[in-house]
Amino acid sequence: MRALDNPVLAGCHPDPSVCRVGETYYLVTSSFGYFPGIPVHRSEDLIEWELIGHVLDRPEQAVLHGLDMSDGVWAATIRHHDGVFYVVSGIARERTGASIFVVTATDPAGPWSDPVELDAEGIDPSLFFDDDGRCWLTAARDAVDPSATGPGELWIRELDLAALRLVGETHVLWHGALSGQWVEGPHLYLHDGRYVLLAAEGGTERHHAVTAATAAAVTGPYTTDPRSPLLTHRHLGPGHPVQNVGHADLVDTPSGQWWAVVLGVRPVAGTHVLGRETFLVPVDWSPEGPVFAPGAGAVLLPDESDAAPGRAEALDSGASLALQGWSSLRGPVADLVAPQDGALVLIPSTTRLEGRGAPTFVARRQQHPRFHATCRLRVDGLTGDEQAGLVVFMHQDRFVTLALGLDAAGALEVRAIARTTAGSELLARAPAPDGPVTLQVTGDDAAYSFGLDVPGQARTLPLAEVDRSFLSTEEAGGFLGVHVGVFADGALGPTSARATIEEFVYTPQAQPTP
């Protein structure tokens, strides 16, 4: 495989899980507090992926209101058996697994069933279909025995497919390979008559790693693969372009080749803003078990000088926002965001971006280290603190807005505001020109720069700039990547104000020439 192909899903697509049906592959990733939840992608070659739907696209399937954006829907696993697709996942609250559920569909594009909550604890559930037709659920939880060799443990229990309930005894499988590390992300496979259990250890940052254990029986006992970690970048130093590699899932091709999907990040100057992305790694099998990235032992990136920056992507208000990769926060906003005459109309909400509800907000992932986005909009009927415009969003406590609102005299102005847990900081303000206003943001290796198009002139008025690290995971915390989109908030109740998004264009930028 060419290094040019990675990442295969750019932007915030963490905790990938993959399965194959015939010659087609299906992949799901975590969605946290974004809605709709658990995106489903399809591919014929494991490299080019098409978003075909979401597992959780009805608000009653997952109640996310009140949750921190880094909580919500954590790692899911997708599997196929006897014509039925199964996805198991869970809801986290306060960084702790609160529930585990299973959903089913005969078409991975949906509709998916309502979730069936299982009598299970922990996080990162996975399903394994054995050769005898039995189905087993594995997951990670805190170690029950305080004298265990690690703080966490992987466990297994049989899943009755007809009743969709767990039955029989719970078996503790393994406490991990790395001393003192919490083990998570289990996936189980049967290869050459031996059960292979993959896991993620070392946390979600620089020490993240893929480890493994093997057994002669599905319920164990499991013996640590002494080669663990089987894949990690912890030893490659901070200068390597891919970091935090882990959380692997395996899939074979019709011709018998094996691959792994893993997560990783692409830091710049020690921080990353894109979130954890999905990478593809070749796998061979040795007598000891799987060998990741044989001959290289690492996830590689293409030489950017040889890669095209990508094409501009314009928001199509007449098509499904979800299938264009646009998300809202914690629930649907169809009553606040609606297509109209080739544009997207936003109604300011009473829920603000810094709240824990579902504000008027739709955004897409930042998928490139360098990009330029423009938003042309007009507003009508704003009052009080109502505002609408462009947002670069990492978390409810860490984002920057460039929006139209009213000044103290009631005149329309453009203002840039940065939000942190300490509150909001006004970065810049300028009078708004008449007519539609075009707002701009450019992200590069150093900063996010915000500006305003000057009507009648081919230039942009610079307004504000924040360091790139301001929106990084390292500084903001959490598990997310930056999203870029539009919002409208500040209403005190029912409002006649409207913001009309006439155009939104996201354009990847090439690496600057040295």
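So what exactly am I meant to see when it comes to the sheet that holds strand 4 (residues 37–43) here?
Through backbone hydrogen bonds, the strands of a sheet pair up, either in parallel or in antiparallel fashion. Strand order in the open sheet formed by four strands is 1-2-4-5, and the pairing between neighbours is antiparallel. Two strands lie at the open edges of the sheet, namely strand 1 (17–21) and strand 5 (50–56), each paired on one side alone. On average, each strand axis in the sheet is tilted by 25° relative to the strand beside it, whichever way the strands run. With five bridges joining them, strand 4 and strand 5 adopt antiparallel strand pairing. Note on strand 5: the bridge partner recorded for Val 40 is Gly 53.

Just to check I follow, could you spell out the state of the cysteines for this structure?
Among covalent bonds in proteins, the disulfide is the one between the sulfur atoms of two cysteines. Counted under the stated rule, the structure contains zero disulfides. Among the cysteines around Cys 135, which has no disulfide bond, Cys 19 carries the closest sulfur, lying 13 Å off. Residue classification places Cys 135 among the buried residues on the basis of a relative accessible area of 1%.

Help me understand the sheet that holds strand 27 (residues 360–365), please; the structure alone is not making it clear to me.
Ordered by their spatial adjacency, eight strands build an open sheet running 3-24-27-36-29-30-31-32, and the pairing between neighbours is antiparallel. A single partner strand is all that each edge strand has here, and the edge strands are strand 3 (34–35) and strand 32 (423–431). Where strand 29 (residues 387–395) and strand 36 (residues 483–489) come together, seven bridges link them in antiparallel fashion. Across the sheet, the residue bridging to Phe 393 is His 483, located in strand 36.

Any chance you could explain a negative patch on the surface here in plain terms?
Taken together, the side chains of Glu 23, Glu 44, Asp 45 and Glu 48 define an acidic patch exposed on the protein surface. Here Glu 44 shows up in the loop between strand 4 and strand 5. We classify Glu 44 as exposed; its relative accessible area is 52%.

Even after reading the chapter, I still don't get the pattern of salt bridges, so can you show me in this structure?
One pass over the full model with this rule turns up 28 salt bridges. The salt bridge partner of Arg 206 is Glu 474, with a shortest N-O separation of 3.4 Å. Of this pair, Arg 206 sits in the loop between strand 15 (194–201) and strand 16 (209–215) while Glu 474 sits in helix 1 (residues 473–476); the two residues are 268 residues apart in sequence, bridging distant segments of the chain. Note that Arg 352 is salt-bridged to Asp 489, the shortest N-O span being 3.6 Å. Linking Arg 352 in the loop between strand 26 (343–346) and strand 27 with Asp 489 in strand 36, this pair joins segments that are 137 residues apart in sequence. Arg 352 gets classed as partly exposed once you look at its relative accessible area, which sits at 27%. Accessibility expressed as a relative area gives 2% for Asp 489, which makes it buried. Salt bridges sharing partners connect three or more residues here, namely Arg 376, Arg 378, Asp 380, Glu 502 and Glu 503.

Reading the values: rules and limits
Residues numbered from 1 in each chain as written. Predicted model: local features only at pLDDT ≥ 70, side-chain atom pairs only at ≥ 80, totals over all residues. Heavy atoms only, no water. Pairing = 2+ DSSP bridges. Helix = DSSP H or I, 4+ residues; strand = E, 2+ residues; numbered from the N terminus. Axes fitted to C-alpha atoms, helices over the stretch in contact; angles between N-to-C directions. Disulfide = S-S within 2.5 Å. Buried < 20%, exposed > 50% of the residue type's maximum accessible area, 1.4 Å probe, protein only. Patch = residues over 30% accessible without salt bridge, like charges linked within 9 Å, V, L, I, M, F, W, Y side chains within 5 Å. Areas by Shrake-Rupley, 256 points an atom, 1.4 Å probe, with all protein chains shown as cover. Salt bridge = Lys/Arg side-chain N within 4 Å of Asp/Glu carboxyl O. Lys, Arg positive; Asp, Glu negative; His and termini not counted. Charge placed at Lys NZ, Arg CZ, Asp CG, Glu CD.

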